[in-house]
Amino acid sequence: MAKERRELLYFADGPESHTIEAYESKGGYTALRKALLEMDPDDIIEEIKRSGLKGRGGAAFPTGRKWSFIPKDHPGPKYVVDNADEGEPGTFKDRELLYKTPHLVLEGMILAGRAIGAREGYMYLRYEYLWIFPRIKRAIQEAYRRGYLGKNILKSGFDFDIYVYLGAGAYIAGYAVSTLESLEGKRPYPRLKPPRTSQVGLYGSPTAVNNVETHANVPLIISKGADWYSQMGTPESRGTRLFSISGAVERPGVYEFELGSLTLREFIYEVAGVPKGTEILGVFPGGLSSEILTPDELDVPMTHEGLKRVGSTLGSGAVIVLDRSTSALKILRRSIEFFSYESCGKCTPCRDGGNWMTRVLASAERRGYLTAEDVSLLKEITGMMRGKSFCPLGDSVEMVARVFLNKYKDELTQKPVAV
Ligand SMILES: Cc1cc2nc3c(=O)[nH]c(=O)nc-3n(C[C@H](O)[C@H](O)[C@H](O)COP(=O)(O)O)c2cc1C
Ligand code: SF4
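What counts, and where the lines are drawn
- Residues numbered from 1 in each chain as written.
- Chains lettered and ligands numbered in written order.
- Predicted model: local features only at pLDDT ≥ 70, side-chain atom pairs only at ≥ 80, totals over all residues.
- Near = placed C-beta within 6 Å.
- Helix = DSSP H or I, 4+ residues; strand = E, 2+ residues; numbered from the N terminus.
- Nonpolar A, V, L, I, M, F, W, Y, C, P; charged D, E, K, R; others polar.
- Core = buried A, V, L, I, M, F, W, Y, C linked by C-beta atoms within 7 Å.
- Buried ≥ 20, exposed ≤ 12 C-beta atoms within 10 Å, placed from the backbone.
- Contact = placed C-beta atoms within 7 Å.
- Arc of directions from axis to C-beta.

### Details of the site of ligand 1
The full set close to ligand 1 counts 22 residues, and G55, G57, G174, N211 and T214 are the nearest of them. Every element with two or more residues in the shell around ligand 1 is listed here: β4 (207-211) and α16 (392-407). Examining the composition of the shell around ligand 1, we find that three residues originate from one element, β4, more than from any other. Grouping the amino acids of the shell around ligand 1 by side-chain chemistry returns nine nonpolar, nine polar and four charged.

Set out below in structure tokens:
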């Protein structure tokens, strides 16, 4: 059976893991000491680049490259943003880090600040995690008291402050360009790209936005080195990864594996366990906005390249297992309803397309199946949405409907048998 490799979660073990004492006793903040006293900011970026770390928020963009885009000679402020919105359905791995080892995340943010020359970092915390806020606040206070935050950190001349900003519970606010709008106190309408956030980000200044888990990897890479990190995983998928698994499994939760050390099927059947007699309907391998896989598509390595081969993505690392106690029609209706509800309403294809599809699907669900007219109408709507929405949320609505119509057409259109 595939074994967990708990590199990040090592810091989350134990009832007091959230305290600075526990974190320091496991080597916490040694990376910061090393970075401030022995490395130049460019060395930090170079080390992160060499490690092969890719963003854990969904888009898997190389972190070192992202940081290297931040202009060095920018005369004004620069910012670090920690994306703790974690809104992708099925995703709860950042919560594990924030609750159990907040210092690992804070240290990663400070290191990011040092690397890009920022003096301020903002954690954008999802509203539903309000209950974790006291722990994060306490961790920040502890870090200030120990001299890891504030002025002249560890007598290096480097200043860095961290603020926590509570979101208001919108899925779109997790999209980096919307996160920045929300942080500025506005509605989280996505911004047009380019310019990239590395050039024009928070308050118009260069900003490095990273996911919680991405930041949590940084102290490990700096303290143990890029060579150590990059020998884990595969050439395209380095390091370990946190996966949240939920749905029709016996042991839902957060697990950490070396990337490529197991297949999706092994994760579901051997690690999380499937109750006897359960027949799997499908699996979202990387959150609701990843392409669903059918039961015969699960023998795929859990890597970026593995999931890409079957037309899907590792996404946010959220594996949602669906069994046949539900129906493809219900899952499709519920998914589209979610995206439609969360549409910010800025552009017509997403705002109206999602709503229209929800109504078609809701009436089909009451009837029990999709008619031929429903199918052709849904295809027409997806055709009108494809590539025409302003941001990836609109693409998700279209993609989910298109993939379901492709993979589950027979059962979506099958009339229920009268008993
Ligand atoms: C609709 C939408 C929602 C998103 N929600 C989140 C989120 O909750 N947390 C997150 O880290 N990234 C989220 N992202 C991805 C971010 O835009 C961005 O790629 C990420 O925060 C960058 O960090 P990384 O490079 O460390 O992954 C979302 C993207 C989209 C399109
Ligand atoms: S695609 Fe949807 S969420 Fe994105 S800008 Fe348009 S309406 Fe808003």
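Next comes the rest of the description.
### What to know about the nonpolar core
Within the largest apolar cluster, 120 residues are counted, with the highest numbers of intra-cluster contacts made by L111, A112, F267, I268, V283, V319 and V321. The dominant element in this core, judged by the number of residues it contributes, is helix α6 (residues 102-116), at nine residues. Setting aside residues up to four positions removed in sequence, I268 forms contacts with V249, V274, V283, L298, V319 and V321.

### Overview of helix α2 (residues 30-38)
A31, L32, A35 and L36 are the residues of α2 that are buried. Seen along its axis, α2 keeps its buried residues to an arc of 120°; they face one direction. The exposed set on the far side of α2, more than 90 degrees from its buried face, consists of L37 and E38.

### Quick look at the site of ligand 2
Around ligand 2, the surrounding shell holds 14 residues, and the nearest of these are C344, C347, C350, C391 and G394. For the shell around ligand 2, the elements supplying multiple residues, two or more each, are α14 (348-367) and α16. Counted by class, the shell around ligand 2 contains eight nonpolar, four polar and two charged residues.

Any functional reading would require information beyond the geometric quantities listed.
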